[in-house]
Amino acid sequence: MSATKPIQRALISVFYKEGLGPIVEALHANNVEILSTGGTLAFISELGIPVTPVENITNFPEILGGRVKTLHPAIFGGILNRRDYTPDQVHMAEHKLSSIDLVIVDLYPFEETVASGADHASIIEKIDIGGISLIRAAAKNYNDVVIIPSVKQYPSFLELLQQQGAQTTASQRKAYAAEAFHVSSHYDTMINAYFMDGQTNYLKISEEQSSPLRYGENPHQNGAFFGNLDELFTKLHGKELSYNNLLDVDAAVRLMNEFKDCAPTFAILKHNNACGLATRPTLIEAYKAALEADPVSAFGGILIANQQVELDSATLINDLFCEVLIAPGYAPDALELLQSKKNRIILVQKDLELPKTLVRSALNGYLVQDADLATESAQQLEVKTKLAPTSQEIEDLLFANKLVKHTKSNTIILAKNGRLLASGTGQTSRVDALKQAIHKAKSFGFDLNGAVMASDAFFPFPDCVEIAHNEGIDAVIQPGGSIKDELSITYCDANQMRMVFTGIRHFKH
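Rules used throughout
- Residues numbered from 1 in each chain as written.
- Predicted model: local features only at pLDDT ≥ 70, side-chain atom pairs only at ≥ 80, totals over all residues.
- Heavy atoms only, no water.
- Helix = DSSP H or I, 4+ residues; strand = E, 2+ residues; numbered from the N terminus.
- Rg over C-alpha atoms; globule rule 2.2 N^0.38 Å.
- Buried < 20%, exposed > 50% of the residue type's maximum accessible area, 1.4 Å probe, protein only.
- Contact = heavy atoms within 4.5 Å.
- Areas by Shrake-Rupley, 256 points an atom, 1.4 Å probe, with all protein chains shown as cover.
- Pairing = 2+ DSSP bridges.
- Axes fitted to C-alpha atoms, helices over the stretch in contact; angles between N-to-C directions.
- Patch = residues over 30% accessible without salt bridge, like charges linked within 9 Å, V, L, I, M, F, W, Y side chains within 5 Å.
- Salt bridge = Lys/Arg side-chain N within 4 Å of Asp/Glu carboxyl O.
- Lys, Arg positive; Asp, Glu negative; His and termini not counted.
- Charge placed at Lys NZ, Arg CZ, Asp CG, Glu CD.
- Phe/Tyr/Trp six-rings, centres within 6.5 Å; stacked < 30°, edge-to-face > 60°.
- Parallel < 35°, antiparallel > 145°, perpendicular 65-115°, else oblique.
- Left-handed = near helix turned anticlockwise from the far one by under 90°.
- Nonpolar A, V, L, I, M, F, W, Y, C, P; charged D, E, K, R; others polar.
- Core = buried A, V, L, I, M, F, W, Y, C linked by side-chain atoms within 4.5 Å.

*Asks:* Even after reading the chapter, I still don't get the overall build of the protein, so can you show me in this structure?
*Replies:* On a plain count of helices and strands, the protein comes out with 18 helices and 23 strands. A compact globule built from 509 residues should have a C-alpha radius of gyration of about 23 Å, whereas the protein, at 31 Å, is more than 25% larger. Expressed as lengths along the three principal axes of its C-alpha atoms, the size of the protein is roughly 95 × 55 × 45 Å. Counting the 509 residues in the protein, one finds 47% classified as buried. The contacts in the protein between residues at least 6 apart in sequence include a share of 57% that link residues at least 24 apart. With the model as given, the accessible surface of the protein reaches about 25,000 Å², and the carbon-plus-sulfur share is 52%.

In structure tokens form, the structure reads like this:
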């Protein structure tokens, strides 16, 4: 494999022309012959640089409204021939073909067309055929050919031309080929995703944007985030988000989506679970009530609000050490105060829907599932006891059930008057989860009389409702579905408790 090879002939055919001019000028300055098509041909001609139409090489015009331009042996033979392989060169001479040493091509904007909401016919027309074929051909023959597969490579290629002229090393060509196969792979993955329309017969994931993280979950683990956070947030202040920050932010955003259209609501999360959550007439009241639920765990937590943060709330928030603060907006004076803490991450959440499919690694493969988007309403509740919950109890039961959905299993949520009192999280026993929640609520001085209890899964025995009743908790929401449901229902009826079933389990692991 020769270390350095010259560029003598180039094919340029691109959708995006921005940044192309200086490259074309540099190629011309190095006496590189340029071939082109359509709009790119016109663009290069307007620069006053000699350019040869591809149809002059193929002796065949563009057809089918431009659908077929470069798909011809004169083009692909010029790209794919192996310069040091005699049989290839015999064929080249026999058919009077000339080599192409550089291909600059990009792809029709399929992904952007889908995102724009265009109709199906318009989307289909943005499936590139010639471009993807040119990219793969040039990348395959990287031993002899340079491939520039998108505008993202323009700056580095222009720098290469300026520093070493129209010649490249084998390692440079291989690096561009790797980029090319990424471009073609991502493009095909996006097309496949469009045609699959949410089906999960097989898994293909491709994210073009990546951000290296300081480390993973722990300092000895490497970590990176793949995706575009700018679509979800505007970062106003603070250090870079860490691996653990990102997991907590994801949990916070998904939780607050349950309260997106509710009265002012504030949540505080730690290790993906809410340690404080309250809905109140004003945001400052909601913050105070959320913080009171567990001021110890709130230290170093993730804070999120469903309304703009004003100065009064910011003044209280500023007294708490928190890693991240998320809200739809901030009053100017509130933002100025909150920025006084150098490392505090301040995010403005944009109105964008989160993915409806969740993917995680497991063993030597991946688990894929729909996101848990089920949010129960009062009309869906099935009263299973002789006594029905009061209107206030129903409101609190639904509030607690939203929390259950976003708390690690096994979990029990205790709530009262639109506030989380305490939760038992991640326990191997539902009884232990309840006991943990009761202990925590009492340790912060809460009166459990009149509180409600929510469970992420059914009660196989009446022990939990009995423990709850003994603490003054007389309204319960759970999925139901145990073969021994009647044991809990019977206990509730004997003790004037109210219990409703949702019919929907909310495990979270």
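From this point, the discussion proceeds with the structure in view.
*Asks:* Please explain the sheet that holds strand E6 (residues 146–148) as it appears in this structure.
*Replies:* Working definition: the strands of a sheet are paired by backbone hydrogen bonds and lie parallel or antiparallel to each other. Pairing within the open sheet is parallel, and its five strands lie in the order E4-E3-E2-E5-E6. Of all the strands in the sheet, just strand E4 (52–53) and E6 have a single pairing partner and so form its edges. The sheet contact formed by strand E2 (residues 9–13) and strand E5 (residues 102–105) spans four bridges and is parallel. From the neighbouring strand, Ile12 faces E5, where its bridge partner is Ile104. The strands touched by helix H2 (residues 38–46) are E2, strand E3 (33–36) and E4; relative to E3, the strand with the most contacts, the crossing angle is about 140°.

*Asks:* I'm lost on a nonpolar patch on the surface in this one. Help?
*Replies:* Together, Leu203, Ile205, Val359, Tyr366 and Val368 give the surface a local cluster of nonpolar side chains, amounting to about 460 Å² of exposed area. Examined against the element boundaries, Tyr366 turns out to sit in strand E17 (residues 365–370).

*Asks:* Explain a negative patch on the surface here, please?
*Replies:* Among the surface-exposed residues, Glu111, Glu112, Glu207, Asp230 and Glu231 lie close enough to one another that they form a single negatively charged patch. Position of Glu112 relative to the elements: it lies in helix H6 (residues 110–115).

*Asks:* What am I meant to see in the pattern of salt bridges here?
*Replies:* A side chain of one charge can pair with a side chain of the opposite charge when the charged atoms of the two come close. As enumerated under the stated definition, the model contains 16 salt bridges in all. For Glu258, the salt bridge identified is with Lys405, shortest N-O distance 2.5 Å. Of the two residues, Glu258 is situated in the loop between helix H11 (243–257) and strand E11 (265–270) and Lys405 in helix H15 (residues 391–405); the sequence distance between them amounts to 147 residues. For the pair Glu258 and Lys405, one class covers both residues: buried. Note that Glu292 and Arg419 form a salt bridge whose closest N and O atoms lie 2.6 Å from each other.

*Asks:* Explain the pairing of strand E16 (residues 357–362) here, please?
*Replies:* A regular strand places its side chains so that they alternate between the two faces of the sheet. With six bridges connecting them, E16 and E17 associate as antiparallel partners. Across the sheet, Ala362 pairs through a bridge with Gly365, a residue of E17. Turn length for the E16-E17 hairpin, with the two strands adjacent in sequence and antiparallel, is two residues, and the turn residue Leu363 shows positive phi of about 55°.

*Asks:* How should the packing of aromatic side chains be read in this particular structure?
*Replies:* Describing an aromatic ring pair means giving the distance of the ring centres and the angle of the ring planes. This structure, assessed with the given rule, holds nine aromatic pairs. Arranged with centres 6.3 Å apart and planes meeting at 65°, the rings of Phe110 and Tyr187 form a pair that is edge-to-face. Of this pair, Phe110 sits in helix H6 while Tyr187 sits in helix H10 (residues 170–196), and the two are 77 residues apart along the sequence. On the basis of relative accessibility, which here comes to 1%, the residue Phe110 falls in the buried class. Geometrically, the ring pair formed by Phe299 and Phe321 is tilted, given 5.0 Å between the ring centres and 45° between the ring planes. With a gap of 22 residues between them, Phe299 in the loop between helix H12 (283–293) and strand E13 (301–305) and Phe321 in the loop between helix H13 (311–317) and strand E14 (322–327) connect regions that are remote in the sequence. Given the relative accessible area of 43%, Phe321 is considered partly exposed.

*Asks:* Honestly, the packing of helix H8 (residues 130–140) against H10 in this entry has me stumped. Any pointers?
*Replies:* Axes are the key here: two packed helices are described by the angle between their axes and the distance separating the axes. At a minimum axis distance of 9 Å, the contact between H8 and H10 shows a crossing angle of 150°. With respect to H10, the element H8 is oriented roughly antiparallel. Classified by chirality, the crossing of H10 by H8 is left-handed. Taken together, the residues of H10 that come into contact with H8 (itself represented by Ile132, Ile135, Arg136, Ala139 and Lys140) are Ala177, Ala180, Phe181, Val183, Ser184 and Tyr187. The class makeup of the residues in the contact of H8 with H10 is eight nonpolar, one polar and two charged.

*Asks:* Quick question: what am I supposed to make of the nonpolar core here?
*Replies:* The nonpolar side chains of a soluble globular protein tend to be buried with one another. Ranked by size, the top nonpolar core spans 52 residues in total, and within it Leu27, Ile104, Ile147 and Phe157 carry the most contacts. If you tally residues by element for this core, the top one is H10, at seven residues. Sequence-distant contacts of Ile147, defined by excluding residues within four places in its chain, comprise Val103, Val105, Ile135, Ala138, Ala139, Tyr176, Ala177 and Ala180. Core analysis: the second largest hydrophobic core is formed by 37 residues, Phe233, Met256, Phe399 and Leu403 among them.

*Asks:* Would you explain helix H1 (residues 20–29) in this entry?
*Replies:* Think of an α-helix as 3.6 residues a turn; residues three or four steps apart then line up on the same face. The complete set of buried residues in H1 reads Leu20, Gly21, Ile23, Val24, Ala26 and Leu27. Buried residues belonging to H1 abut E2, E3, H2, E5 and helix H9 (154–164). Positive phi appears at Asn31, one or two residues downstream of H1, with a value of about 60°.

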